[in-house]
Amino acid sequence: MKRFFSTIAFCAAAFSLQMAQAADLPASKQTKLGLYLSAEEAAQYLAETPDAIMIDVRTPEEIAETGLAEEVDALIPLAIVDRKKGLISNPDFYPGIVKLATDHNLAADQPIVVICRSGNRSAQAANAIAQLGFRQVYSVTDGYEGDRARSGPTAGKRTVNGWKNAGLPWRPEDPGNCAPARDGGAC
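The paragraphs below set out a description of the structure included in this document. (Residues numbered from 1 in each chain as written. Predicted model: local features only at pLDDT ≥ 70, side-chain atom pairs only at ≥ 80, totals over all residues. Heavy atoms only, no water.)

**Details of helix α4 (residues 93–103)**
Link 1 in the chain: For α4, the set of buried residues is Phe93, Gly96, Ile97, Leu100 and Ala101. Buried positions in α4, seen along its axis, are confined to an arc of 135° and lie on one side of it.
Link 2 in the chain: Along its buried surface, α4 packs onto β2 (53–56), β4 (74–75) and α5 (120–131).
Link 3 in the chain: Two residues or fewer after α4 comes Asn105, characterised by a positive phi angle close to 50°. (Buried < 20%, exposed > 50% of the residue type's maximum accessible area, 1.4 Å probe, protein only. Helix = DSSP H or I, 4+ residues; strand = E, 2+ residues; numbered from the N terminus. Arc of directions from axis to C-beta. Contact = heavy atoms within 4.5 Å.)

Spelled out as structure tokens, the structure:
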């Protein structure tokens, strides 16, 4: 019973924070479902919600350069780098999500936390996943690396917030060790 009330309290606090954050988010970080978590809130939510899964939608190049959050269940890039065209939509994104959902027997109300570099692609991915019928898709608004500092000695660098800057658990990762997105993208 105590766990039930603490879960209710956490959900109420998260809901009120999400409502406050949504108004402050740039349009590029807003989602149709309006479910948002900061990196620190995401870590707490994942620790308290054992059936929640976390999907990282960054490119393999980003993973190789900066690492991967320990809590990530799958790496399914929303976009990939094409040597001639730059960043393009990943044709394996939807098949990767479907494979992950099938393999993990995900229900429509399964909590899914989506993270990217700074919160823009995770919002796009959350919308795409919601289109598949999932109703609890959270976007990590400050992402893995965080937002860029606007002034001071670190101006222009990603030092403001984010998973890694918050000191949350992460590890170096060679994305070559991860399954392809079409296979569910597990690392």
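**Considering the pairing of strand β7 (residues 112–115)**
Link 1 in the chain: Residues Ile112 and Val114 of β7 are buried on one face, and the alternating residues Val113 and Ile115, pointing to the opposite face, are buried as well.
Link 2 in the chain: In this structure, β2 lies alongside β7, joined through four bridges in parallel fashion. Bridged to Asp56 within β7 is Ile115.
Link 3 in the chain: The pairing of β7 with strand β8 (residues 137–140) spans three bridges and is parallel. Looking across to β8, one finds that Val114 is bridged to Ser139. (Pairing = 2+ DSSP bridges.)

Interpretation note: all reported values are geometric properties and have no functional meaning in isolation.
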